[in-house]
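# Observations on the model geometry
Each chain, written out:
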Amino acid sequence: MTEEHSAQWHDEPTDYAQIGKLPRFVAASADDGKAASVSSLNITAAAADPELLDLPWHVALEDWPAEYLAALPRGISRHIVRFAHLGGSVIAIKETSEHVARHEYHMLRKLARFDVPCVEPVAVITGRTTPDGRPLNPVLVTRHLKFSMPYRALFSQMLRKDTLTRLIDAQALLLVRLHLIGFYWGDVSLSNTLFRRDAGAFAAYLVDAETGELYPDLSTGQREYDLEIARVNIAGELMDLLDGGLIEEKVDPVATSELIMDSYRRLWAELTEKESFELGERWRVGARIRRLNELGFDVEEYAIKTTQNGSTIQLQPKVVDAGHHQRRLLRLTGLDAQENQARRLLNDMDSFRADNNPRMDEEYSAHLWVSQVFEPIVRSIPRDLSGKLEPAEVVHEVLEHRWYMSEKQERHIPLAEAVQSYIDSVLRHRRDEAAIMLNPPTGLLKILDAETEESRYGGDETSDEYPDADD
């Protein structure tokens, strides 16, 4: 890179306590029509990644050479989005205004500090110009979430009703987690979410924070409006799937979309509502906390108040943090898994301890479980199948497969036998979820490219960062 077009690196904003949007920057834009000349590239990032400089930032994003791009389908979007290789990972690049890019980058960094599932922001790049000095729009760079998929890429043929329900439940949980920290999304939809398999369920990740705002607390009206946006958007997405023959004809898009309302409200009530009970029922305090733990939340503080006549007690959790089982698994084993995966692995770990030596120290027993159960399963997976599922999901499925084998054959199934049976009868027939988004059918790419062009002239808006894909 020449000195004339050298890059200037800037650390990420450090005003962590700031609520809401960043101050609006006045910057040159390709849409301004001004003949501004910018002499250097400005990169705002949490950590300098020199490989960013190897990408052709002096070229408009829609004209990038194929050699830089990852073969990912581009869905309908109001922005130009491309996927590119960066070292050993894949990044999503979105052209937008400087203010929007900085705001979204800032929001994603804050959400990450709150441990909310979201994509990782990499950088905001401004000061882009063509070799002849014409200004180009700034870009937001985020990292692709490995083993994650858009909702339309989850199944190769047809989304079943129960699968849709699990997706919507995952979306509701994500929305509750966002609202608990005071984040108003403003554009809730399946398209703006990525999903990872989580022990038979799904874990949802936010991928588009462009319309998001962070407040000390959200009002009931703000939460309900976000929920209504979700209901309307999901209904529209399901109608699109129905028209494309990707869901069962018996699915009612409107009725199914309304499931998010019920799922959200049940979870919100369990986490935040007051509970009254008699003095002799103090065991209900522990029962409430166990229910919250089962939902994956920790209760770090709670308030108990007696009524004026002293006959009843009111209980209300004060602080609820998601990831109860994740943190326990990480503490005991160092394994980082999804919440449901962690719950399933912990159950097997507890059974392992009970079967071998119930009096054994919990941490030592966990170490033995990793070395005698988890690691042997992972090592047994052939290299050519290692991209099918992430390791924690493979271990969960092997344990489930072993249980079903034992039930069917009415005998104890050795672990090695269960692993081999799982590899031969299940895993070899699964799609490669680590690569599915990197190798979509060529025909699909052409269709999505055509839809993208059409959307720029009045089409509907959907996800900006990780568009939908069918395989």
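## What about the overall build of the chain?
Across its full length, the chain carries 12 helices and 13 strands. Residues classed as buried in the chain amount to 50% of the 471 residues present. Look at the contacts in the chain between residues 6 or more apart in sequence, and 70% of them connect residues 24 or more apart. Looking at the chain as shown, the accessible area adds up to about 22600 Å², and 49% of this sits on carbon and sulfur atoms.

## Considerations on helix α10 (residues 391-409)
For α10, spanning 19 residues, the distance from its first C-alpha to its last is 27 Å, which sits close to the expected 27 Å at 1.5 Å a residue. Considered for burial, the residues of α10 that qualify are Ala392, Glu393, Val394, Val395, His396, Glu397, Val398, Leu399, His401 and Met405. Immediately beyond the C-terminal end of α10, within one or two residues, lies glutamate 410, with a positive phi of roughly 55 degrees.

## A look at the nonpolar core
Membership of the largest hydrophobic core comes to 47 residues, with the highest contact counts inside it found for Leu111, Leu178, Phe183, Trp185, Phe195 and Leu206. At the level of elements, α1 (98-113), α2 (161-180), β8 (193-198), β9 (201-206), α3 (220-243) and α5 (259-272) are the ones that each hand at least two residues to this core. The greatest single-element share of this core, amounting to 9 residues, is contributed by α2. Beyond its immediate chain neighbours, meaning those up to four positions away, phenylalanine 183 contacts Met107, Leu111, Leu178, Leu206, Ala209, Gly212, Glu213, Leu214, Leu218 and Asp226. Listed in part, the 30 residues of the second largest apolar core include Ala337, Phe374, Val398 and Leu427.

## Comments concerning the confidence of the model for the chain
Looking at the chain, pLDDT values average 77 and 72% of them are 70 or higher. Under a pLDDT of 50 for its full length, residues 25-39 has, in the predicted model, 21 contacts with residues more than four places off or in other chains.

## Thoughts on the packing of aromatic side chains
Remark: the centre distance and the inter-plane angle together describe each pair of aromatic rings, the angle taken between the planes. Taken as a whole and judged by the stated rule, the model has 6 aromatic pairs. Ring centres of tryptophan 57 and tryptophan 64 lie 5.2 Å apart, and the angle between their planes is 65 degrees; on these two criteria the pair is classed as edge-to-face. As far as the burial class goes, tryptophan 57 and tryptophan 64 line up, both buried. Between phenylalanine 195 and phenylalanine 202, the aromatic rings sit 6.5 Å apart at their centres with planes inclined by 80 degrees, giving edge-to-face as the arrangement. Judged by its relative accessible area of 6%, phenylalanine 202 falls in the buried class. Among the aromatic side chains, those forming a connected cluster through ring pairs are Trp57, Trp64 and Tyr68.

## A look at the packing of helix α8 (residues 339-356) against α10
At a closest axis distance of 10 Å, the pairing of α8 and α10 adopts a crossing angle of 50 degrees. It follows from the interaxial angle that α8 and α10 lie oblique. At the point where α8 passes α10, the crossing takes the left-handed sense. Of the residues in α10, those in contact with Gln341, Arg344, Leu345 and Asp348 of α8 are Ala392, Glu393, Val395, His396, Leu399 and Glu400. In terms of residue class, the contact of α8 with α10 is made up of 4 nonpolar, 2 polar and 4 charged.

## Regarding the pairing of strand β4 (residues 89-95)
Burial within β4 is extensive, with 7 of its 7 residues counted as buried. Residues Ser89, Ile91, Ile93 and Glu95 line one face of β4 and the alternating positions Val90, Ala92 and Lys94 line the opposite face, and both faces are buried. Looking at chain direction, strand β3 (residues 81-86) and β4 are connected through 6 bridges and run antiparallel. From the neighbouring strand, alanine 84 faces β4, where its bridge partner is isoleucine 91. Between β3 and β4, which follow one another and run antiparallel, lie 2 residues, and glycine 87 among them has a positive phi close to 65 degrees.

## Examining the environment of valine 426
Secondary-structure assignment places valine 426 in the loop between α11 (415-425) and α12 (442-455). On a C-alpha basis, the gap between valine 426 and valine 398 in space is 9.5 Å, while along the polypeptide they are 28 residues apart. If we skip the residues at most four places from it in the chain, valine 426 touches Glu397, His401 and Ser421.

## A short note on the environment of arginine 428
Within the secondary structure layout, arginine 428 lies in the loop between α11 and α12. Residue contacts for arginine 428: discarding those within four places in its chain leaves Pro382, Asp384, Leu385, Lys388 and Ile423.

## Let's talk about α3
With 24 residues, α3 extends 35 Å between its outermost C-alpha atoms, agreeing within 8% with the 34 Å of an ideal straight helix rising 1.5 Å per residue. Turning to α3, its buried residues are Arg223, Asp226, Leu227, Ile229, Ala230, Arg231, Ile234, Ala235, Glu237, Leu238 and Leu241. In the segment just after α3, glycine 245 is the residue with positive phi, at about 70 degrees.

## Notes on the environment of leucine 140
Following the sequence through the fold, leucine 140 ends up in strand β6 (residues 139-143). Sequence separation between leucine 140 and tyrosine 105 is 35 residues, and the spatial gap between their C-alpha atoms is 7.1 Å.

## Thoughts on the packing of α8 against helix α9 (residues 362-380)
The N-to-C vectors of α8 and α9 enclose an angle of 105 degrees; their axes lie 9 Å apart at closest approach. Judged by the inter-axis angle, α8 sits roughly perpendicular to α9. On α9, the residues touching Leu345, Asp348, Met349, Phe352 and Arg353 of α8 are Glu362, Ser365, Ala366, Leu368, Trp369, Gln372, Val373 and Phe374. A per-class count over the contact of α8 with α9 returns 8 nonpolar, 2 polar and 3 charged.

About the thresholds
Numbering of residues starts from 1 in every chain and runs along the sequence as written. With the structure being a predicted model, the display of local features is reserved for residues of pLDDT at least 70 and the display and counting of side-chain atom pairs for 80 or more, all residues being used for whole-chain, interface and lining totals. Side-chain measures here rest on the full set of heavy atoms in the structure, leaving out hydrogens and waters. The way it works is that DSSP assigns letters per residue, a run of H or I at least four long becomes a helix, a run of E at least two long becomes a strand, and they are numbered from the N terminus. Burial classes follow relative accessibility: with a 1.4 Å probe on protein chains only, a residue under 20% of its type's maximum area counts as buried, one over 50% as exposed, and anything between as partly exposed. Pairs of residues are marked as contacts when any of their non-hydrogen atoms sit within 4.5 Å. Using a 1.4 Å probe, the Shrake-Rupley method yields the accessible areas, and only the shown protein chains count as cover for residues. What a helix should span is 1.5 Å times the count of its residues minus one. As used here, the term nonpolar core means buried Ala, Val, Leu, Ile, Met, Phe, Trp, Tyr and Cys residues forming a set that is joined through side-chain atoms within 4.5 Å. One number per residue, pLDDT, summarises how confident the predictor is, and it ranges from 0 to 100. In this scheme Phe, Tyr and Trp rings, the latter by its six-membered ring, pair at centre separations within 6.5 Å, and the angle between planes marks the pair as stacked below 30 degrees, edge-to-face above 60, and tilted otherwise. With axes taken as lines fitted to C-alpha atoms, and helix axes fitted only over the stretch in contact, angles between N-to-C directions fall between 0 and 180 degrees. Roughly parallel means an angle under 35 degrees; roughly antiparallel, over 145; roughly perpendicular, 65 to 115; everything else is oblique. Left-handed describes a crossing in which the near helix is turned anticlockwise from the far one by less than a right angle; the clockwise case is right-handed. Amino acid classes used here: Ala, Val, Leu, Ile, Met, Phe, Trp, Tyr, Cys and Pro are nonpolar; Asp, Glu, Lys and Arg are charged; the rest, including Gly, are polar. When DSSP finds at least two bridges between two strands, those strands are taken to pair.

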